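# Analysis of the macromolecular model
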Number of protein chains: 2
Amino acid sequence: MSRAGRRITCITGGVGGAKLVLGLQQVLPPGNITAIVNTGDDFRHLGFWVSPDIDTLLYTLSGKSNVAQGWGREGESWAFMAALRELGGEDWFQLGDGDLALHVLRSLALASGKTLSAVTGGFARRWGIGVTVLPMSDDSIATVVNTEEGELPFQRYFVERRCEPRVSAIRFDGASRASPAPGVVEAIRGADMVLIAPSNPFLSVDPILAIPAIRTALEGRSAPVVAVSPLVGGRAVKGPTAKLMEELGISVHNDSIAAHYEGLVDGLLIDSGDGCNDEAIRIARTSTLMNSMADKARVARAAMQLAEELAT
Amino acid sequence: MSRAGRRITCITGGVGGAKLVLGLQQVLPPGNITAIVNTGDDFRHLGFWVSPDIDTLLYTLSGKSNVAQGWGREGESWAFMAALRELGGEDWFQLGDGDLALHVLRSLALASGKTLSAVTGGFARRWGIGVTVLPMSDDSIATVVNTEEGELPFQRYFVERRCEPRVSAIRFDGASRASPAPGVVEAIRGADMVLIAPSNPFLSVDPILAIPAIRTALEGRSAPVVAVSPLVGGRAVKGPTAKLMEELGISVHNDSIAAHYEGLVDGLLIDSGDGCNDEAIRIARTSTLMNSMADKARVARAAMQLAEELAT
């Protein structure tokens, strides 16, 4: 089978995963790509159901994302937030004027009984996105962070408190009873390779792996599974990965990433400057920073190459 | 008692009533004025609870209204509507980016069990509005228009269909079982005079009068009640009043307005160029077009003057 014919399933959080999927799109037709997206960050805010990682995928893949900012829409305006603030509304989580449309329509559809996966698929079709974007589950799962300040819902920790409180534990409420969204297990079982994006393993990937049927599907994989390490030069590219690992008493090294994914992945793609001593896992290297589109495509190709080697 | 000490209660729909209340504010301290506002136009849209007449009062009295447009906020932006349209959302009812804050916070507060009157009072305080703005009721009342195209909820008739379908009847679902909001009956009973704003009698004032306890309070009035006619030169200043009267087989004349309010009002303020042959009601005249602030103050003074004559 030609490389272009491969079906790839990518397990992903927000920004890092969206970059890897963009890279895959440079190599494969979008119809061959499925993204299984973390929804542990989802939360109800001002009456809306907000799905930050799904929205990052949707905005990125439709070319609407604010790349410099790292979240939300390009060219966004903020009149709603200004008016909300004036009325004393909660303003710690920024909702742009255009972005609101997504939250309003999603909330309306969910309230009418539609599933998150149906809603997400509808948005993707509207915006001409060829990649299949699947929430990990249509059930509600909430990432809760245990910190020195007490338990914090994910967005309170991540956005309001800017990841400042020290973390002692993370849990995913509802995950153990959750079912994967329709198509998720099939996308893992039917793929020629599965990639785990360089998203935060503890906050963004673990909620997905905490769903029993998803973990079982990965454990029983026939196709190779390759993770892309979120560490570059022993640090996280973006977000709180390294800080969090230190707080959890985990060495900030690819050995820890390999150990974390043990039994679930066959290969780990790490940055050219980094090492990994794990002998149970196949290692490959490339420069894993994904700034330009060429970077993204290179990382995607390197991950696919590693998976292909593992398959033979 | 000095004129400035008078307590005035104004029964009102949207734009015309907001203008009269602005005029009253030129004559009286705002704390002496209570507006009882139509909520028959209220409706659920995109998951929000929208209260158009209340919002017109709030925007007008806080100096935020778009006077040229006749509704919504001055300097409004429309990124939400553009994004909504792109996603296939319902776009027949315009919700500005800043305006959304009001609908989001109102809907959230109502969902948490607060009453519409509590929410409205909170907004008014936030914006430094001294007039007491009361919804006619905290119960849900829906104006339904029977037209040649079938029954239409008010906003579908008024906004989406631009009052084009011929009307054969109007009803106010829920009004007969509704209670007045807290303070409404007290504001009628305790006022030195009650004014009925030059809002549409059939669409904007009738829903208020359809609440049994409000009608009873007006029928049992001790203070004079004066209505300001919405007709100027035998036509309505704004909106569908004249067209609607014709469709309902009612002569477009102040005699009809006087007859419509019979038993509830003691005086009718009409435009200088118009007549009224009703002998059961005291008539006064002024130029009732309210463009400038001086116009509004003049109409307010003329209505108060008529009420004072009736009281002696």
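Looking at an unreviewed UniProt entry, one finds chain A named 2-phospho-L-lactate transferase and attributed to Paraburkholderia sprentiae WSM5005.

For the pair chain A and chain B, the relating rotation is 180°, the translation along its axis is 0.0 Å, and the fit reaches an RMSD of 0.0 Å. With respect to symmetry, the two chain copies, as superposed, fit the operation of a two-fold axis. Residues of chain A ranked by C-alpha distance from the rotation axis are headed by Asp97(A), positioned 2.9 Å from it. Comparing contact sets, 100% of the residues at the interface of chain A also lie at the interface in chain B, consistent with an isologous, same-surface contact.

Now for the sheet that holds strand E6 (residues 142-147) of chain B. All names here are of chain B. What the three strands build is an open sheet, ordered E7-E6-E8; its pairing is antiparallel. The outermost strands of the open sheet, each flanked by one partner alone, are strand E7 (150-153) and strand E8 (167-173). With strand direction ignored, the average angle separating the axes of adjacent strands in the sheet is 25°. Pairing of E6 with E7, which is carried by four bridges, proceeds in the antiparallel orientation. The partner of Val144 across the bridge, within E7, is Pro153. In the packing of helix H8 (residues 201-209) onto the sheet, contacts are made with E6 and E8, and the angle to E8 comes to roughly 25°.

So, about the interface of chain A and chain B. The interface is formed by 26 residues belonging to chain A together with 26 residues belonging to chain B. Between chain A and chain B we count two salt bridges in total. When the shortest N-O distance is used, the salt bridge between Lys64(B) and Glu86(A) registers 2.8 Å. Our count for the chain A to chain B interface comes out at five residue pairs in polar contact (both at pLDDT 80 or more).

Residues and elements named next belong to chain B. In contact at an axis separation of 7 Å, helix H1 (residues 15-27) and helix H12 (residues 293-311) are set at 80° when each is read in the N-to-C sense. Here H12 runs roughly perpendicular to H1, going by the angle between their axes. The segment H1 lies against H12, with Lys19, Leu20, Leu22, Gly23, Leu24, Gln26 and Val27 engaging Met293, Lys296, Ala297, Val299, Ala300, Arg301 and Met304.

Before going further, it helps to examine the packing of helix H1 (residues 15-25) of chain A against helix H2 (residues 52-61) of chain A. Residues and elements named next belong to chain A. Closest axis-to-axis distance for the H1/H2 pair is 9 Å, and the angle between their directions is 35°. With respect to the hand of their crossing, H1 and H2 are arranged in right-handed fashion. Counting all contacts with H1, which are made through Val15, Ala18, Val21, Leu22 and Gln25, the residues of H2 involved are Thr56, Leu57, Thr60 and Leu61. Its residues placed into classes, the contact of H1 with H2 shows six nonpolar, three polar and no charged.

This part covers helix H4 (residues 99-111) of chain B. Residues and elements named next belong to chain B. If you check H4, its first and last C-alpha atoms are 19 Å apart, about what 13 residues at 1.5 Å a residue would give, namely 18 Å. A large share of H4 lies buried, amounting to ten of its 13 residues. Within the span of H4, buried status applies to Asp99, Leu100, Ala101, Leu102, His103, Val104, Leu105, Arg106, Ser107 and Ala109.

Moving on: the nonpolar core. Core analysis: the largest hydrophobic core is formed by 116 residues, its most contacted members being Leu20(A), Phe48(A), Phe80(A), Leu20(B), Phe48(B) and Phe80(B). Not counting residues within four places of it along the chain, the set of residues in contact with Phe48(B) comprises Phe48(A), Val104(A), Phe43(B), Leu95(B), Leu100(B), His103(B), Val104(B) and Ser107(B). By size, the runner-up hydrophobic cluster in this structure holds 46 residues, among which are Met136(B), Val145(B), Ile196(B) and Leu244(B).

All names here are of chain A. Scanning all chains against the criterion turns up twelve aromatic pairs over all chains. Ring plane angle 70° and centroid distance 6.0 Å describe the contact between Trp71 and Trp78, whose orientation is recorded as edge-to-face. On the basis of relative accessibility, which here comes to 38%, the residue Trp71 falls in the partly exposed class. Overall, Trp78 belongs to the partly exposed group, its relative accessible area being 30%. Aromatic side chains Trp92 and Phe93 sit 5.8 Å apart centroid to centroid with 75° between the ring planes, which places their arrangement in the edge-to-face category. Exposure remark for Trp92: the relative accessible area of 15% places this residue in the buried category. Using a relative accessible area of 10% as the deciding quantity, one classes Phe93 as buried. An aromatic cluster of at least three residues, connected via ring pairs, comprises Phe43, Trp92 and Phe93. Directly above the aromatic system of Trp127 lies the positively charged group of Lys64, at a separation of 4.8 Å from the ring centroid.

A few words now on the sheet that holds strand E2 (residues 33-37) of chain B. Residues and elements named next belong to chain B. Read across the sheet, seven strands follow the order E5-E2-E1-E9-E10-E13-E14 without closing on themselves; strand pairing throughout is parallel. A single partner strand is all that each edge strand has here, and the edge strands are strand E5 (132-135) and strand E14 (282-286). Each strand axis lies, on average, 20° off the axis of its neighbour in the sheet, ignoring direction. Pairing analysis gives four bridges linking E2 to E5, with the strands arranged parallel. What sits directly across from Val37, in E5, is Pro135.

The subject of this paragraph is the environment of His45(B). You can see His45(B) is positioned in strand E3 (residues 43-45). Once the C-alpha coordinates of His45(B) and Glu90(B) are considered, the two residues, 45 residues apart in sequence, prove to be 8.9 Å apart.

Conventions used here
- Residues numbered from 1 in each chain as written.
- Chains lettered and ligands numbered in written order.
- Predicted model: local features only at pLDDT ≥ 70, side-chain atom pairs only at ≥ 80, totals over all residues.
- Heavy atoms only, no water.
- Least-squares fit on C-alpha atoms with pLDDT ≥ 70 in both.
- Contact = heavy atoms within 4.5 Å.
- Pairing = 2+ DSSP bridges.
- Helix = DSSP H or I, 4+ residues; strand = E, 2+ residues; numbered from the N terminus.
- Axes fitted to C-alpha atoms, helices over the stretch in contact; angles between N-to-C directions.
- Salt bridge = Lys/Arg side-chain N within 4 Å of Asp/Glu carboxyl O.
- Polar contact = N/O pair within 3.5 Å; in protein donor to acceptor, adjacent residues only side chain to side chain.
- Parallel < 35°, antiparallel > 145°, perpendicular 65-115°, else oblique.
- Left-handed = near helix turned anticlockwise from the far one by under 90°.
- Nonpolar A, V, L, I, M, F, W, Y, C, P; charged D, E, K, R; others polar.
- Expected span 1.5 Å × (residues − 1).
- Buried < 20%, exposed > 50% of the residue type's maximum accessible area, 1.4 Å probe, protein only.
- Core = buried A, V, L, I, M, F, W, Y, C linked by side-chain atoms within 4.5 Å.
- Phe/Tyr/Trp six-rings, centres within 6.5 Å; stacked < 30°, edge-to-face > 60°.
- Lys NZ or Arg CZ within 6 Å of the ring centre and 35° of its normal.

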